[in-house]
Amino acid sequence: MTPGTLYLLPTVLADDTATQVLPAQVPAQIAALRYFLVENARTARRFIKQVAPEQVIEDLRLTVIDKDSTEAQIQAALAPVAAGQDAGVLSEAGCPGVADPGAELARRAHQLGIRVVPLVGPSSLLLALMASGMNGQSFTFHGYLPIDRGRRAAAVKQLERVALAQHQTQLFIETPYRNMPLLEDLLSQLQPSTRLCIAASLTAPNEYVRTDTVAGWKKRGLPEIHKQPAVFLVGQ
């Protein structure tokens, strides 16, 4: 039996932006599928209905695969695809598989001989890197820094050492309601000449992207990005 195809389907980063940021291939593929592996069922249903209104949500099969899913659950979720049914992977925001549980689905799909097809769409990490003016040929994404302030200070210092020694851009994120404490720690721990980019609410009407030295940020003052999804970049 020939396996089905696993489509990695990008979603929007900001509400009401689908027509601006998604190519026509994405809603067309969503309209053609009946099985979805999703990070959040409620978010996925709303997104599917928005971009493919012809879909009857009640007729679709949605299986939740998130950061807490076990290997057995991932295996079971892919069983219909291995048996020949096409499926789509939907993240809560942006591109599945990039800093996202969809990576585990793609990993296991390759092991099972399932074809994995990524579709084009917005990635907050790449958009932030593009707009930062920092090195886009050598970069590392670290996910979340430690919550503990002592451990976070040490992590920030280490990121800065690597950024300056290797001319490598360092990217990381934070839970949106902790953005401002993180920014304050960055300004207190980084050297004055180190560059810091703040990229918040990407693709939204209130999008904010700016790169400056730490000394420049201290003089300018920090933007108010409390509860806004953001990517932070440190480099030369």
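Everything discussed here concerns the structure shown above.
Below, the structure is looked at part by part. Per chain, the residues get numbers from 1 upward, laid out in the order the sequence is written. At least 70 in pLDDT is required for a residue's local features to be given in this predicted model, at least 80 for side-chain atom pairs to be given and counted, and no such filter applies to totals for whole chains, interfaces and linings, which use all residues. Based on all heavy atoms of the structure, the side-chain values leave hydrogens and waters out of the count.

## Focus on the overall build of the protein
- When helices and strands are tallied, the protein shows nine helices and 10 strands.
- Only C-alpha atoms enter the radius of gyration, while the globule expectation follows 2.2 Å times N to the 0.38, with N the number of residues. The C-alpha atoms of the protein give a radius of gyration of 20 Å, which matches the 18 Å a tight globule of 236 residues would have.
- The principal-axis extents of the C-alpha atoms in the protein amount to approximately 60 × 35 × 30 Å.
- Out of the 236 residues in the protein, the part that is buried amounts to 48%.
- Pairs of residues are marked as contacts when any of their non-hydrogen atoms sit within 4.5 Å. Nonlocal contacts in the protein, meaning residues at least 24 apart in sequence, comprise 75% of its contacts between residues at least 6 apart.
- Each accessible area is a Shrake-Rupley estimate made with a 1.4 Å probe; only the visible protein chains count as cover when residues are assessed. Summing over all exposed atoms, the protein offers an accessible surface of approximately 11600 Å²; the carbon and sulfur share of this is 52%.
- Treating the 22 positive side-chain charges of the protein as one cloud and the 21 negative ones as another, the clouds have centres 5 Å apart. Each helix corresponds to a stretch of at least 4 residues labelled H or I by DSSP, and each strand to a stretch of at least 2 residues labelled E; elements are numbered beginning at the N terminus. Throughout this description, buried means an accessible area under 20% of the type-specific maximum (1.4 Å probe, protein chains only), exposed means over 50%, and partly exposed covers the range between. Charge counting treats Lys and Arg as positive and Asp and Glu as negative, with His and both chain ends excluded. Every charge is mapped onto a representative atom, which is NZ of Lys, CZ of Arg, CG of Asp or CD of Glu.

## Regarding the packing of aromatic side chains
- Geometry of aromatic contacts follows a simple scheme: Phe, Tyr and Trp rings, the Trp one being its six-membered ring, pair when their centres are within 6.5 Å, and the pair is stacked under 30 degrees between planes, edge-to-face over 60, tilted otherwise. Counted under the stated rule, the structure contains one aromatic pair.
- Over a ring means this: the NZ of a Lys or the CZ of an Arg is within 6 Å of the ring centre and within 35 degrees of the ring normal. Cation over ring: R220 sits above W217, and NZ or CZ is 5.9 Å from the ring centre.

## Side note on the pairing of strand β8 (residues 195–200)
- Across the six residues of β8, five count as buried, placing the element largely inside the fold.
- Two strands qualify as a pair provided that DSSP identifies no fewer than 2 bridges between them. With six bridges connecting them, β8 and strand β9 (residues 208–213) associate as antiparallel partners. Directly across from R195, in β9, lies its bridge partner T213.

## Here we look at the sheet that holds strand β5 (residues 115–118)
- The parallel open sheet is built from five strands, whose spatial order is β3-β2-β4-β1-β5. What marks the edges here is a single partner per strand, and that holds for β3 (61–64) and β5. Across the sheet, the axes of successive neighbouring strands diverge by a mean angle of 25°, strand direction being ignored.
- As paired strands, strand β1 (residues 5–9) and β5 are joined by four bridges and run parallel to one another. Bridging from a neighbouring strand, Y7 pairs with V117 of β5.
- To get an axis, fit a line to the C-alpha atoms, keeping to the stretch in contact for a helix; angles then go from 0 to 180 degrees between the N-to-C directions. Its contacts with the sheet place helix α4 (residues 71–82) against β1, β2 (35–38), β3 and β4 (87–90), and it is angled at close to 155° to β2.

## Re helix α5 (residues 102–111)
- Among the residues of α5, those classed as buried are G102, L105, A106, R108 and A109.
- Residues of α5 that are buried make contact with β1, β2, α4, β4 and β5.

## Considerations on the environment of S123
- With respect to the helices and strands, the residue S123 is situated in the loop between β5 and α6 (124–132).
- Along the backbone, S123 and P10 are 113 residues apart, and their C-alpha atoms lie at a distance of 8.3 Å.
- Sequence-distant contacts of S123, that is, excluding residues within four places in its chain, are made with L13 and C95.

## Re the packing of α4 against α5
- One way to put it is that α4 packs onto α5 with a least axis distance of 10 Å and a crossing angle of 65°. When the axis of α4 is compared with that of α5, the two are roughly perpendicular. Crossing hand, α4 versus α5: right-handed. In this structure, α4 uses E71, I74, Q75 and L78 to contact α5, whose residues at the interface are E104, L105, R107, R108 and A109.
- Ten residue types, Ala, Val, Leu, Ile, Met, Phe, Trp, Tyr, Cys and Pro, are classed as nonpolar, four, Asp, Glu, Lys and Arg, as charged, and the remainder, Gly among them, as polar. When the residues that make up the contact of α4 with α5 are grouped by side-chain class, the tally is four nonpolar, one polar and four charged. Each angle is binned into one of four classes, with values under 35 degrees roughly parallel, values over 145 roughly antiparallel, values of 65 to 115 roughly perpendicular, and all other values oblique. What makes a crossing left-handed is the near helix being turned counterclockwise from the far one by less than a right angle; a clockwise turn instead makes it right-handed.

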